[in-house]
Amino acid sequence: MRYAEVVRAGHGVESIRGFFLATPADKSYLAELNAQQRAATTFGDGALLIIAGAGTGKTKTLVSRLAYLIDSGVSPDAILLLTFTRRAAAEMLSRATHLCEPGATGKVWGGTFHAIANRLLRTYGRPAGITSDFTVMDQADAADMMNLIRSDLGLNKKGKRFPKKETLLKAYSMTVNAQTKLTEIVDKHFPWCKKSQDGMKEVFGSYVKRKREHNVLDYDDLLLFWRSLCETEGVGPQVADRFEHILVDEYQDTNAIQAQILLGMRQAYKNITVVGDDAQSIYSFRAATIRNILDFSQQFAGAKVITLEQNYRSTIPILDASNAVMEYAKERYTKELWSQRKSEQKPVLMTCVDESDQSRAVCEAIIEHLEMGTPLSSQAVLFRAGHHSAALEIELAKRNIPFHKYGGLKFVEAAHIKDMLAFLRVLENPYDQISWFRVLQLLEGIGPKSAQRLMSELGVRRNLSLREEIVSPESGEEIEVSSPLKCLFDDPPAAPAAAKEQYSNLRQALADCQGVILPKRRKESNSTGSETNVSADGEPTSSITDRLDLPAQLDRLRAFYEPIFEEVYSNAFVRVRDIEQLQEIAGKYKSRQKFITDLTLDPPVSTSDLAGPSLSEEDFLVLSTIHSAKGCEWDVVHVIHVADGDIPLDMSLGDDEGLEEERRLFYVSLTRAKNTLYIYFPFRHYHRGRSMSDGHSYVQLTRFLPEEMRHLFAVECSPDMVEDDSLAGDSATIDRVDERLNKLWE
DNA sequence: CATTTATAAATTTTT
DNA sequence: TTTATAAATG
């Protein structure tokens, strides 16, 4: 605990300690571990499964093991560390750095499965059928592609009901990741799509084909091709044997393919360490399965299992409440968490009138703890869905309480950022259909139809039957026949009249980025354009100079884009700031490809990631979805909207498994707290739109806290609750105001 | 007539 | 902030 606090306090403190007190290989960190943790840390060769309950020092153990391996002479670049987020990998590596030889962990391969897959496929992908210049589609891109195919196949006709793009993608992804027949998946998770199954099969078939035609991979492809890479003769063992040791965090949230990848990655070397807790498995919507943990000992023969049960994080009352929630779980795997942290303070169950009352109560509790010495950064507010924090955010802003929100809508999901990235992706991969589609439709006068026509005339779709001619049989090098960009520069297809000027500006902007000097055109198309470059002797084809560097490309694209988006978006001012932030991030990159890929695989999770170090010094509160709070801990935790319907979320109660996962989710939220835990229950719920009698209804406390469990909590009421119910007065006021208004047009 | 643009409705969790 | 439907435009 002490240790964790020092690390949280910042790198400065730790590095001083590391520099003066610890000689590189004294392994003094072993003394800070308990018996189980030490056994796990110093485990020798072979397979190891660490079952680590919440707050049992899982990360500490993994970090120690990492340091221990390096101290024992394992070469850092022969260690692969797979984590759930990039943040987790970076934090572990930085912590390990302070335990062993400084700088040594820099060479460790650390990242998410997807990020590592990307890295491996760029280098070794060719034998698996991947050219190294692919771009990665994020979820929205993949959904857009589903949508394009749906309309191409005429399945979006009026009157015909057909699953929408998100549903299509979800069903596809679930099928692929769970390695299960589509019919089964549809029966179980998408029963309302049963009638559309034939259409779905058709869409999925073209989806797979189209990804190849446009040289793009989706998230699932990264895993699938990594797996196939392992199975490829020659390269497979080469890739696998790079890594003497593999360490995997959050194993309860991996899926079947990821387990198969790990199997494939263990050929000559058999060393693998996985850490997980079945009680915290909350990603089944991504096809994660606890079978991976349960079957580990069979898949990796003779695996040793070590269980960590002492919780160092939470006080006994908090742990009692959390454990009670899990008591009711259908399936439990024997593990008794215990703590030595005594406390008189039970978790607080705070009943509030409604959401705004809840927001006030949260703010007041936060300020109270702040004044008692708990900084904002040691407090967090957790919720089930991104929009649950909307009212609170307004209240926090009103009171000038700084906060950063994790989860929910992300920076890269903002329309204007996606636009900017689409420009870059078109430049990086001229066959990227989704990006072209987006870019072209930005131009006034171009809608879906014209965009489709232009794309087909540009040749955005690669004909895979010509593929053998594209790749030279001898060198294996790709021979560029005629890329859509070249077509745009040399012989642009005509755009609709209304789009002429912007079209020509776009062409110029893209050409400038690539360092292409456009050929001089006949006066008709030249009259409106802003072409300042003149090619030598009016040659019919374009010529090439040096390509602009990444920041300059962004400047150039912004110059083209800004006038357009000021037209399209209302609050352009805020958006310009975002684009500036994007440029700031880009400043750290030399390679355009790496920049684009990093943004899709490890998108900034909150605005805090974007701000410079000066801002991160500031004390701020954390707002987070429960999913994003995985692996984190705070002194004081506030869980809001603990009403049935929100936790468990109505929408996810399709089956029993759904309910069980919601229970684990609630468990995860409770176990984030170290010293103090608040649970807020607003019992009145307003709904706009449908005018049900008086616009609100009453909801129940979450079913995960039944009556017999209440004694584990200190039950309190918000100040508003104590006062008389003011509803009657309120509606009277409203009536009076309405009456006055009505007089105005009587 | 085919497309584009304006309007209204609805929104889980994430690599 | 996106997406299905209606109105408007060339």
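Look a little higher up for the structure.
Here's what I pulled together on the structure shown here. This one's a predicted model, so the numbers in the text were calculated from it and none came from an experiment.

Now for the overall build of chain A. For chain A, the count of helices and strands is 32 helices and 19 strands. Of all 746 residues assigned to chain A, the portion counted as buried reaches 54%. Residue pairs at least 24 apart in sequence account for 78% of intrachain contacts in chain A once pairs closer than 6 positions are excluded. For chain A, the exposed surface amounts to about 34,800 Å²; the carbon and sulfur share of it is 52%.

In this section: the environment of Leu 548. Take Leu 548: it is sitting in the loop between strand E13 (543–544) and helix H26 (550–568). Judged by relative accessible area, Leu 548 falls into the partly exposed class, the value being 30%. With 413 residues separating them along the chain, Leu 548 and Thr 135 place their C-alpha atoms 20 Å apart. Excluding residues that lie within four positions of it along the chain, Leu 548 makes contacts with Asp 512, Cys 513, Gln 553 and Arg 556.

Reading across from one edge, E3-E2-E6-E7-E1-E8 is the order of the six strands in this open sheet, with parallel pairing throughout. The open sheet has two edge strands with one neighbour each: strand E3 (109–112) and strand E8 (304–308). Between one strand and the next, the sheet's axes are offset by a mean angle of 15 degrees, whatever the strand orientation. Pairing between strand E6 (residues 245–248) and strand E7 (residues 271–276): four bridges, direction parallel. The residue bridging Ile 246 from the neighbouring strand is Ile 272, located in E7. Helix-sheet contacts for helix H6 (residues 113–124) involve strand E2 (79–83), E3 and E6, and the interaxial angle to E3 is about 120 degrees.

Our next topic: the packing of aromatic side chains. All told, the structure shown has 13 aromatic pairs when counted by the stated rule. Ring geometry for Trp 109 versus Phe 243: centroids 5.3 Å apart, planes at 75 degrees, classification edge-to-face. Of this pair, Trp 109 sits in strand E3 while Phe 243 sits in the loop between helix H12 (235–240) and E6; the two residues are 134 residues apart in sequence, bridging distant segments of the chain. Taken as a pair, Trp 109 and Phe 243 share a single burial class, namely buried. With 5.5 Å between their ring centres and 70 degrees between their planes, Tyr 172 and Phe 204 make a pair best called edge-to-face. Linking Tyr 172 in helix H8 (residues 165–178) with Phe 204 in helix H10 (residues 197–213), this pair joins segments that are 32 residues apart in sequence.

Right, let's talk about the protein's contact with DNA strand B for a bit. Close contacts around DNA strand B come from 30 residues, with Arg 286, Arg 384, Gly 386, Gly 447 and Ser 450 the closest. For DNA strand B, the fraction of protein-proximal atoms (within 4 Å) that sit in sugar or phosphate groups is 58%. Here a base oxygen of DNA strand B and a side-chain polar atom of Arg 384 are 2.6 Å apart. In this structure, a phosphate oxygen belonging to DNA strand B sits 3.1 Å away from a main-chain N or O atom of Gly 445. The residue inventory of the surface near DNA strand B, partitioned by class, reads ten nonpolar, 13 polar and seven charged.

Let us look at the pairing of strand E11 (residues 403–406). What you see with E11 is a clean split: His 404 and Tyr 406 sit on the buried side and Phe 403 and Lys 405 on the side with no burial. In terms of strand pairing, E11 meets strand E14 (residues 621–625) through four bridges, oriented parallel. Within the sheet, the bridge partner assigned to Lys 405 lies in E14 and is Leu 623.

With that settled, the discussion passes to the packing of helix H7 (residues 139–152) against H10. It is the contact of H7 with H10, at a shortest axis distance of 10 Å, that shows an interaxial angle of 120 degrees. Between H7 and H10, the interaxial angle falls into the category oblique. The two elements H7 and H10 cross, and the hand of that crossing is right-handed. When H7 is examined against H10, the residues Ala 142, Met 145, Met 146, Leu 148, Ile 149 and Asp 152 are found in contact with a partner set consisting of Val 203, Phe 204, Ser 206, Tyr 207, Arg 210 and Lys 211. Grouping the amino acids of the contact of H7 with H10 by side-chain chemistry returns eight nonpolar, one polar and three charged.

The next point concerns unusual backbone geometry. Geometrically, the link from Ile 647 to Pro 648 is a cis peptide bond, its omega value of -5 degrees lying close to zero. Even without being a glycine, His 641 presents a positive backbone phi close to 60 degrees. Tracing the backbone through its elements, the reader meets His 641 in the loop between strand E15 (634–639) and helix H30 (656–670). Since its relative accessible area comes to 7%, His 641 is described here as buried.

Now for the pattern of salt bridges. The final tally for this structure, using the stated rule, is 39 salt bridges. The shortest N-O distance in the salt bridge between Arg 86 and Asp 602 comes to 3.6 Å. Pair noted here: Arg 86 is in helix H5 (residues 86–97) and Asp 602 is in the loop between helix H28 (592–601) and helix H29 (613–616), with a separation of 516 residues, a long-range link. The class for Asp 602 is buried, based on a relative accessible area of 13%.

Further remarks concern the environment of Arg 556. Mapping Arg 556 onto the fold places it in helix H26. Residue Arg 556 is classed as partly exposed on the basis of its relative accessible area, which comes to 22%. Through-space distance from the C-alpha of Arg 556 to that of Phe 423 is 11 Å; in sequence the pair is 133 residues apart. Those residues in contact with Arg 556 that lie beyond four places of it in its chain are Asn 505, Gln 508, Ala 509, Asp 512, Cys 513 and Leu 548.

Attention shifts here to the nonpolar core. Among the nonpolar cores identified, the biggest contains 124 residues, and Trp 226, Trp 436, Leu 510 and Phe 595 are the most heavily contacted of them. Here this core takes eight residues from helix H19 (residues 415–428), the largest share from any one element. Setting aside its immediate chain neighbours within four residues, Trp 436 contacts Val 426, Pro 430, Met 455, Leu 458, Val 460, Pro 484, Leu 485, Leu 488 and Leu 510.

Following the criterion strictly, the structure yields two cavities of 30 Å³ or more and no others. Here the largest cavity is characterised by a volume of approximately 140 Å³. Contributing to the lining of the largest cavity are 13 residues, with Asp 138, Asp 141, Lys 418, Leu 421 and Arg 425 lying nearest its centre. Considering each element in turn, the lining of the largest cavity owes the most residues, four residues, to H19. Classifying every residue of the lining of the largest cavity by side-chain character gives six nonpolar, two polar and five charged.

Quick notes on the rules
Residues numbered from 1 in each chain as written. Chains lettered and ligands numbered in written order. Predicted model: local features only at pLDDT ≥ 70, side-chain atom pairs only at ≥ 80, totals over all residues. Heavy atoms only, no water. Helix = DSSP H or I, 4+ residues; strand = E, 2+ residues; numbered from the N terminus. Buried < 20%, exposed > 50% of the residue type's maximum accessible area, 1.4 Å probe, protein only. Contact = heavy atoms within 4.5 Å. Areas by Shrake-Rupley, 256 points an atom, 1.4 Å probe, with all protein chains shown as cover. Pairing = 2+ DSSP bridges. Axes fitted to C-alpha atoms, helices over the stretch in contact; angles between N-to-C directions. Phe/Tyr/Trp six-rings, centres within 6.5 Å; stacked < 30°, edge-to-face > 60°. Near = heavy atom within 4 Å. Polar contact = N/O pair within 3.5 Å; in protein donor to acceptor, adjacent residues only side chain to side chain. Nonpolar A, V, L, I, M, F, W, Y, C, P; charged D, E, K, R; others polar. Parallel < 35°, antiparallel > 145°, perpendicular 65-115°, else oblique. Left-handed = near helix turned anticlockwise from the far one by under 90°. Salt bridge = Lys/Arg side-chain N within 4 Å of Asp/Glu carboxyl O. Core = buried A, V, L, I, M, F, W, Y, C linked by side-chain atoms within 4.5 Å. 1 Å grid on protein atoms, 1.4 Å probe; cavity = no way out; pocket = protein on both sides within 12 Å on 5 of 7 lines; lining within 4 Å. Points joined across faces, edges and corners; volume = space filled by probe spheres on them.

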